[in-house]
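Each chain, written out:
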Amino acid sequence: MTRLLAAATILVLVGWPTFRVNARRENGAAPAYPQGREVRARADALLAQMTLEEKLGQMNQLFFFGSTADGGVANGIRNGQVGSLLFVTNPALINSLQRIAVTESRLKIPLIFGYDVTHGFHTIFPVSIAMAASWDPKLIERSQAIAAREARAVGINWTFAPMVDITRDPRWGRIVEGAGEDPYLGAVMAQAHVRGLQGERIGSPDRLLACAKHFAGYGAAEGGRDYDAANISDAQLWNVYFPPFKAAVDAGVGCVMSAYMDLNDVPATGNRWLLRDVLRRDWKFNGFVVSDANSVDEMRNHGYARDAHDAAVKALTAGVNMEMSFGQSVYLKNIGNAIKQNQVSVKDVDDLVRPLLEAKIRLGLFENPYVDETKVKSTFAQPQHREAAKAAAVSSAVLLKNQNNLLPLSKTAYKRIAVIGPLADSRQNILGPWSFAMDIDQTTTILAGLKNKLGASTQIDFAPGVQMNRVFPSIFDQLLKEKHPPVWSETQAADEFRKAIELAKGADLAVMVLGENQDMSGEQASRSTLDLPGRQLELLQAVKATGKPVVLLLMNGRPLDISWAAENVPAILEIWYPGTEGGNAVADLLFGDANPGGKLPVTWMRHVGQVPIYYSHNLTQNPSQQDKRYWNEKFVPLYPFGYGLSYTTFAFSNLKLSQPEIRVGAATEVSVEVKNTGKRAGDEVVQLYIHQQSGGASRPIRELKGFERVTLAPGETKAVRFKLGPEDLRYWNGAARDWVQDAATFDVWAGNDSTASLHTTLKVR
Ligand code: BGC
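Because the structure is predicted, anything quoted here is derived from the model rather than measured.

Colleague: I tried to follow the packing of helix α9 (residues 183-198) against helix α11 (residues 243-250) on my own but got confused; where do I start?
Modeller: To describe two helices that pack against each other, one gives the angle between their axes and the distance between the axes. Look at α9 against α11: their axes get within 8 Å of each other, and the N-to-C directions meet at 30°. Put simply, α9 runs roughly parallel to α11. The handedness of the crossing between α9 and α11 is right-handed. Residues Pro183, Gly186, Ala187, Ala190, Gln191 and Val194 of α9 lie in contact with α11, whose contacting residues are Pro243, Pro244, Ala247, Ala248 and Asp250. Here the contact of α9 with α11 is built from residues that sort into 8 nonpolar, 2 polar and 1 charged.

Structure follows, in structure tokens:
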């Protein structure tokens, strides 16, 4: 009765006309779903009608791997006990499950369907670390808009992306899912992903609700071991790990996922300070927080929650709106009792359910709960999706070495090319982790791409040479569309190795594709070493010993120890996991139909023992003395952050500040000229770095504060401008526990990597 009264009051307050089904048209085309105060009013009107169990149902998200809409989950939906499902990708099944929610449940609240659309859905784009290597936010926006369109076409409404965790430890497998080591680059990339996935606002046609994950500090897992605790100082949190999350929130991200691990001894999913004080109070986040899979219940495993009841209370108090689980929803089972025991209140529940309803309202799910199954094929078949995937793969490749300009290769000089390596013709591996929903037959491997490019005029032969496998198998194996090949016997392995060498001997050129299988990076894919797995180095050395020119293509999701190759192989191109069009993109790059312009979003170590090694470290009392560091290894990396070559050359000049002296709080403009000094058109990424020379804290030796990727014709010069203002010059001071801007002198550098030498000075008074 009271519920009915409350609902009626709200209807009177907001007015019936605004409450009716409300799919208006914007510019006569795109539906515009409710926004602003109307959203809140509708959510409140619904809340007023809901039983406690229905509210807890909205907070319940379940993995669903079934193939029919019946059984326990269907009943749960019918009874209002399920608010969301994840991992359903079949549009007919999505519609059937949705039909139960909107026709058979009491309040007809639609389900929201989630999935990890991380770097493509049907058309697979390069993995996120590769996208970051493009240093091209517009490209990411375009790519993610396509990924969103394809996922939306099957009825998915929500993606668990972008992953914006900073990491400085390539042993951590999930480095492949993020933008690398730098907070500035990470923040720009985070915003580009959110804009691409969500569009201008939540509910934009053909887009998804985005979810920034994993809040926060997951990338600092001790030892790079997945899920291990993160111990991060206050200053590091605010200066390094938080900025990409804050940027995603500023870009309007609708969801944040709480991380699995302990952050400074408190599991992120039960961390009130993180989820309420930082995220909601300080950053004004008004979307919802979803837990990572089972992470509410698993707070017991951390030794943080006494039992499932305690876990539910702790997560709810911390501010987790939705519990993602494999079926052990501890909210549903325990919050009722917790209310009876006065540990949490109905109002606490309402405040967490409201944003969930609001998201569904904003997405237009009440007006359009179903997906049009007839449009899936035509959406997937759009040729511009593949073109965009190819462009992204081209832009994200990083040329690490090109001795005597071996690359680009002539299309006519090599009559016989040997393509060697376990990754050269693998369709699953070229797509990287989190690729499950694509049509694998549409994948272009490196071998296929080279054949497409050269046709019959060149003889192209392939030998894998070696195999590689994880020591402990991956839990994701069961989801793969192309299974791992059967493991060779010792004799077979010896034969295959020999065949590869013979092939190289008979060829004019060897293209080697080495790196890691896709399941060697990603979740639960951390490593204690960073060498080329298996006998790949041996294979590379044996092919090199044939005396034939060797081009090394690296397919991987993290920097690997390639010291031998860096010394001995003339050309090395980092192609990451380049996606559906990877083979064609790489062929364009190798034969000069495209020019590499990607840059490393992560420092490339020489040896795993140097980890963590990152460009933005603090100075010490002997900043640059080798003998004070390791006695057996250089202390500098193999390739610096921001590094990448091109088939042309660039020169930087005229670094100027519009005002070389400013007051605290004021801004100056930095300008620099970049010229293409070579004979080919090419892209350069102009990078701006600063260093604060003294002040209230030791500041990093360099910090990225601006970048722009420009395309220049031979001989062309461009002036690039950046603003340096208080936002760039301040930092979080751990002792003051606040943002601080010091009056200090700053070094300013511009150039094409983090060792740029063109320098000037800014004085802040
Ligand atoms: C991962 C998340 C992912 C979720 C759903 C978890 O294991 O940590 O990143 O979004 O599964 O697939």
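Colleague: Looking at this structure, how should I read the state of the cysteines?
Modeller: What is meant by a disulfide is a covalent connection between two cysteines, made through their sulfur atoms. By the definition in use, this model includes 1 disulfide. Covalently, cysteine 211 is tied to cysteine 255 through a disulfide, its sulfur atoms 2.3 Å apart. In this structure the cystine formed by cysteine 211 and cysteine 255 twists about its S-S bond by roughly -40°; its chirality is therefore left-handed. Taken together, the positions of cysteine 211 in strand β7 (residues 211-215) and cysteine 255 in strand β8 (residues 255-258) put the pair 44 residues apart, joining distant regions of the chain. When sorted by exposure, cysteine 211 lands in the same class as cysteine 255, which is buried.

Colleague: Got a minute to help me understand the environment of arginine 737 in this structure?
Modeller: Tracing the chain through its elements places arginine 737 in the loop between β25 (731-733) and β26 (738-740). Judged by relative accessible area, which is 44%, arginine 737 ranks as partly exposed. Sequence separation of arginine 737 and glutamate 661 is 76 residues, and the distance between their C-alpha atoms is 28 Å. Setting aside residues no more than four positions away along its own chain, arginine 737 makes contact with Asp234, Trp238, Trp273 and Trp732.

Colleague: Honestly, unusual backbone geometry in this entry has me stumped. Any pointers?
Modeller: Between alanine 161 and the following residue, proline 162, the backbone shows a cis peptide bond with an omega angle of 5°. Tracing the chain through its elements places proline 162 in the loop between β6 (158-159) and α9. A cis amide bond links lysine 213 to the next residue, histidine 214, at an omega of 0°. For histidine 214, the location among the structural elements is in strand β7. Despite not being glycine, asparagine 294 shows a phi value in the positive range, around 60°.

Colleague: What exactly am I supposed to notice about the site of the ligand here?
Modeller: In the neighbourhood of the ligand, 14 residues make up the surrounding shell, with Asp116, Arg174, His214, Tyr260 and Asp292 lying closest. With respect to the ligand, the side chain of aspartate 116 contributes an N or O atom lying 2.5 Å from an oxygen atom. Contact distances for the ligand include 2.8 Å between an oxygen atom and a side-chain N or O atom of glutamate 523. A total of 310 Å² of accessible area belongs to the ligand in isolation, and the protein chains cover 95% of it. Classifying every residue of the shell around the ligand gives 8 nonpolar, 1 polar and 5 charged.

Definitions and limits used
- Residues numbered from 1 in each chain as written.
- Predicted model: local features only at pLDDT ≥ 70, side-chain atom pairs only at ≥ 80, totals over all residues.
- Heavy atoms only, no water.
- Axes fitted to C-alpha atoms, helices over the stretch in contact; angles between N-to-C directions.
- Helix = DSSP H or I, 4+ residues; strand = E, 2+ residues; numbered from the N terminus.
- Parallel < 35°, antiparallel > 145°, perpendicular 65-115°, else oblique.
- Left-handed = near helix turned anticlockwise from the far one by under 90°.
- Contact = heavy atoms within 4.5 Å.
- Nonpolar A, V, L, I, M, F, W, Y, C, P; charged D, E, K, R; others polar.
- Disulfide = S-S within 2.5 Å.
- Buried < 20%, exposed > 50% of the residue type's maximum accessible area, 1.4 Å probe, protein only.
- Near = heavy atom within 4 Å.
- Polar contact = N/O pair within 3.5 Å; in protein donor to acceptor, adjacent residues only side chain to side chain.
- Areas by Shrake-Rupley, 256 points an atom, 1.4 Å probe, with all protein chains shown as cover.

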